[in-house]
Amino acid sequence: MKRALAEEKKDRYILGIETSCDETAAAVLKNGTELLSQVIASQIDTHQRYGGVVPEIASREHAVHFAPVVEEAMRRARLSFPQLSAVAVTYGPGLVGSLLVGVAGAKAIAYAAKVPLIGVHHLEGHIYANFLRRSDVAFPFLALLVSGGHTHLLLFEAHGRYHILGRTRDDAAGEAFDKISRTLGLGYPGGPGIEKAALTGKDTAFAFPRAMLEAGSLDFSFSGLKSAVLNTCNTAAMKGESLNTPDLAASFQQAVIDVLVRKSVLALKRTQAQTLLLAGGVAANQALRSQLARAMAALGVEFVCPEPALCTDNAAMIAVAGYYHYLAGDFAPWTLNAVPGLVLSQPCSV
Ligand code: KG4
Ligand code: ZN
């Protein structure tokens with residue numbers, strides 16, 4: 001729903017709300033770049049014992065933490081609800097029960113405060129985390145989105161106008177980190193555990209595959225890599241051999257990074273984009289960040305990534321994306337609902 005802004009307020013305050021998976025998060029953003037508060041209640045400890053997120057438990061936890069988290073974010077921002085310009089909330093993709101808590105809560109706040117409601121796509125939020133520090137990023141830009149559920153290469157032509165150039169055909173990059181971490185006993189979520197173990201490992205110890213798919217493809221596939229690591233571990237176990245965990249972690253991590261870097265370079269050479277934005281939970285990985293930075297410097301392309309804490313799920317990124325919807329007068333109806341399978345846009349070829 002588009003409508004002209006009723007009044008021009010000098011300062012714009014957006015309350016962002018994120019509950020799509022296992023973090024209950026709220027943040028208040030001033031004028032698109034000034035983060036006044038950020039509060040996150042993480043459920044990682046609760047889900048860790050199950051080795052992954054249990055949806056039913058996640059939605060119950062969101063219901064418990066939602067009001068205190070939002071109230072704390074508002075208190076730290078020193079604002080009352082009617083002072084907000086809008087409430088922005090993730091409405092998909094994600095776990096339906098988790099999303100519903102955020103959407104229902106955001107609607108109640110926006111309605112009571114008489115301010116507009118804004119629906120934000122979770123993946124768009126990840127990408128817009130970059131605009132918190134760099135609101136001057138020039139279009140067109142390429143975005144490499146690597147999260148627990150998605151791996152996408154996107155070309156952004158303008159705010160809200162983007163095309164998918166490539167996507168994973170099976171596992172997402174983060175999903176592969178989580179599965180291999182479980183096999184190696186490195187905990188949940190898997191990324192941080194693998195990254196830490198990899199620091200003392202040799203990334204050439206195991207020759208794991210780099211799936212580039214058919215010539216020129218910008219799609220990804222990580223299931224072959226995942227099977228190769230699992231087969232290596234199982235074969236060693238059957239022979240009674242023990243393998244070096246840091247070497248396995250480093251070799252696996254490097255195989256993922258090689259593919260992400262090569263595909264990003266390929267996509268940049270095929271578009272007019274002069275900037276690469278990195279986003280999503282896997283973007284917190286320092287090895288990925290530094291190797292992409294090196295590859296972009298060699299190409300003469302600008303490389304932008306959010307600070308690590310803003311790579312994994314948070315509400316600041318939802319508030320930033322919400323701010324740009326606000327400027328465009330792009331508000332949601334009161335009938336906004338959670339859409340667990342919300343898609344980005346249709347693939348296109350360049
Ligand atoms: O974006 P995100 O927080 O949630 C989704 O929207 O999916 O991403 C979570 C994913 C998990 O798979 C986690 O293992 C991965 O991001 N991750 C990392 C790191 N930190 C989190 N992967 C690699 N290295 C990290 N340091
Ligand atoms: Zn996410």
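First, a word on scope: everything that follows refers to the structure included in this document.

The rules behind these values
- Residues numbered from 1 in each chain as written.
- Chains lettered and ligands numbered in written order.
- Predicted model: local features only at pLDDT ≥ 70, side-chain atom pairs only at ≥ 80, totals over all residues.
- Heavy atoms only, no water.
- Helix = DSSP H or I, 4+ residues; strand = E, 2+ residues; numbered from the N terminus.
- Rg over C-alpha atoms; globule rule 2.2 N^0.38 Å.
- Buried < 20%, exposed > 50% of the residue type's maximum accessible area, 1.4 Å probe, protein only.
- Contact = heavy atoms within 4.5 Å.
- Areas by Shrake-Rupley, 256 points an atom, 1.4 Å probe, with all protein chains shown as cover.
- Lys, Arg positive; Asp, Glu negative; His and termini not counted.
- Charge placed at Lys NZ, Arg CZ, Asp CG, Glu CD.
- Donors = N, O, S within 2.8 Å, 3.2 Å for Na, K, Ca; no water.
- Phe/Tyr/Trp six-rings, centres within 6.5 Å; stacked < 30°, edge-to-face > 60°.
- Expected span 1.5 Å × (residues − 1).
- Bend = angle between axes of the 7 residues up to and from the residue.
- Axes fitted to C-alpha atoms, helices over the stretch in contact; angles between N-to-C directions.
- Parallel < 35°, antiparallel > 145°, perpendicular 65-115°, else oblique.
- Left-handed = near helix turned anticlockwise from the far one by under 90°.
- Near = heavy atom within 4 Å.
- Polar contact = N/O pair within 3.5 Å; in protein donor to acceptor, adjacent residues only side chain to side chain.

1. Comments concerning the overall build of the chain
- Of regular secondary structure, the chain possesses ten helices and ten strands.
- Against the compact-globule benchmark of 20 Å for 350 residues, the chain has a radius of gyration of 21 Å, which places it among compact chains.
- Each of the three principal axes of the chain carries a C-alpha extent, and together these read 70 × 45 × 30 Å.
- Within the chain, the fraction of its 350 residues that count as buried is 55%.
- Restricting the contact set of the chain to residue pairs at least 6 apart, pairs at least 24 apart contribute 74%.
- When the accessible area of the chain is evaluated, it comes to approximately 14700 Å², of which 54% is carbon and sulfur surface.
- In the chain, the 31 positive side-chain charges and the 30 negative ones have mean positions that sit 2 Å from each other.

2. Let's talk about the coordination of the zinc ion (ligand 2)
- Protein ligation of the zinc ion (ligand 2) involves H122 (NE2), H126 (NE2) and D313 (OD), the donor distances falling in the range 2.0 to 2.1 Å.
- One chain supplies every donor for the zinc ion (ligand 2), spaced along it as H-x3-H-x186-D. One end of the pair, H122, and the other, H126, are both in helix α4 (residues 122–128), four residues apart, so they sit about a helical turn from each other.
- Here H126 falls in the buried class, since its relative accessible area comes to 2%.

3. So, the packing of aromatic side chains
- Taken as a whole and assessed by the stated rule, the structure comprises 14 aromatic pairs.
- With 4.7 Å between their ring centres and 45° between their planes, F156 and Y162 make a pair best called tilted.
- Of the residues examined, Y162 reaches a relative accessible area of 11% and is grouped as buried.
- Summarising the aromatic geometry, the rings of Y323 and Y324 are spaced 5.3 Å apart at their centres and angled 85° between planes, so their arrangement reads as edge-to-face. With respect to burial, Y323 and Y324 carry one shared label: buried.
- In textbook terms, an aromatic cluster arises when at least three aromatic residues are bridged by ring pairs, as seen for Y128, F131, F139, F141, F156, Y162, Y323 and Y324.

4. Some thoughts on helix α2 (residues 55–77)
- Between its terminal C-alpha atoms α2 stretches 31 Å, which fits the 33 Å expected from 23 residues at 1.5 Å a residue.
- Along α2, the sharpest kink reaches roughly 45°, centred on H65 and followed within four residues by the proline P68.
- Within the span of α2, buried status applies to A58, S59, H62, F66, V69, V70, A73, M74 and A77.
- The inward-facing, buried residues of α2 contact β1 (13–18), β2 (23–30), β3 (34–42), α1 (44–48) and α3 (96–113).
- Where α2 terminates, the next one or two residues include R78, which has phi positive at roughly 55°.

5. Here's the deal with the packing of helix α8 (residues 245–270) against helix α9 (residues 286–299)
- The geometry of α8 relative to α9 is characterised by a closest axis approach of 10 Å and an angle of 30° between their N-to-C directions. Put simply, α8 runs roughly parallel to α9. The handedness of the crossing between α8 and α9 is right-handed. Contact residues: Q253, Q254, I257, D258, L260, V261, S264, V265, L268 and K269 in α8; A287, L288, Q291, L292, A295, M296 and L299 in α9.

6. Brief notes about unusual backbone geometry
- Cis geometry is adopted by the peptide bond preceding P93, which originates at G92 and carries an omega value of -10°.
- Cis geometry is found at the peptide bond from Y188 to P189, where omega equals -10°.
- Among the structural elements, P189 can be located in the loop between α5 (173–184) and α6 (190–198).
- Unusually for a residue other than glycine, N31 sits at a positive phi of about 50°.
- By the element assignment, N31 lies in the loop between β2 and β3.
- Take N31: its relative accessible area is 25%, and that puts it in the partly exposed class.

7. Here we look at the site of ligand 1
- The local shell around ligand 1 holds 20 residues, among which H126, G148, D178, G191 and E195 are the closest.
- Within the backbone of D313, an N or O atom sits 3.1 Å from an oxygen atom of ligand 1.
- Expressed as a share of its isolated accessible area of 550 Å², the protein-covered part of ligand 1 is 88%.
- Where the shell around ligand 1 is concerned, the elements lending two or more residues are α4, α5 and α6.

8. Observations regarding the environment of I17
- Inspection of the secondary structure puts I17 in strand β1.
- Each C-alpha atom of the pair I17 and N314 lies 8.3 Å from the other, and the pair is 297 residues apart in sequence.
- Residues contacting I17, with those up to four places away along its chain left out, are A25, F66, V70, V87, A88, V89, T90, G102, A106, I109, A315 and I318.

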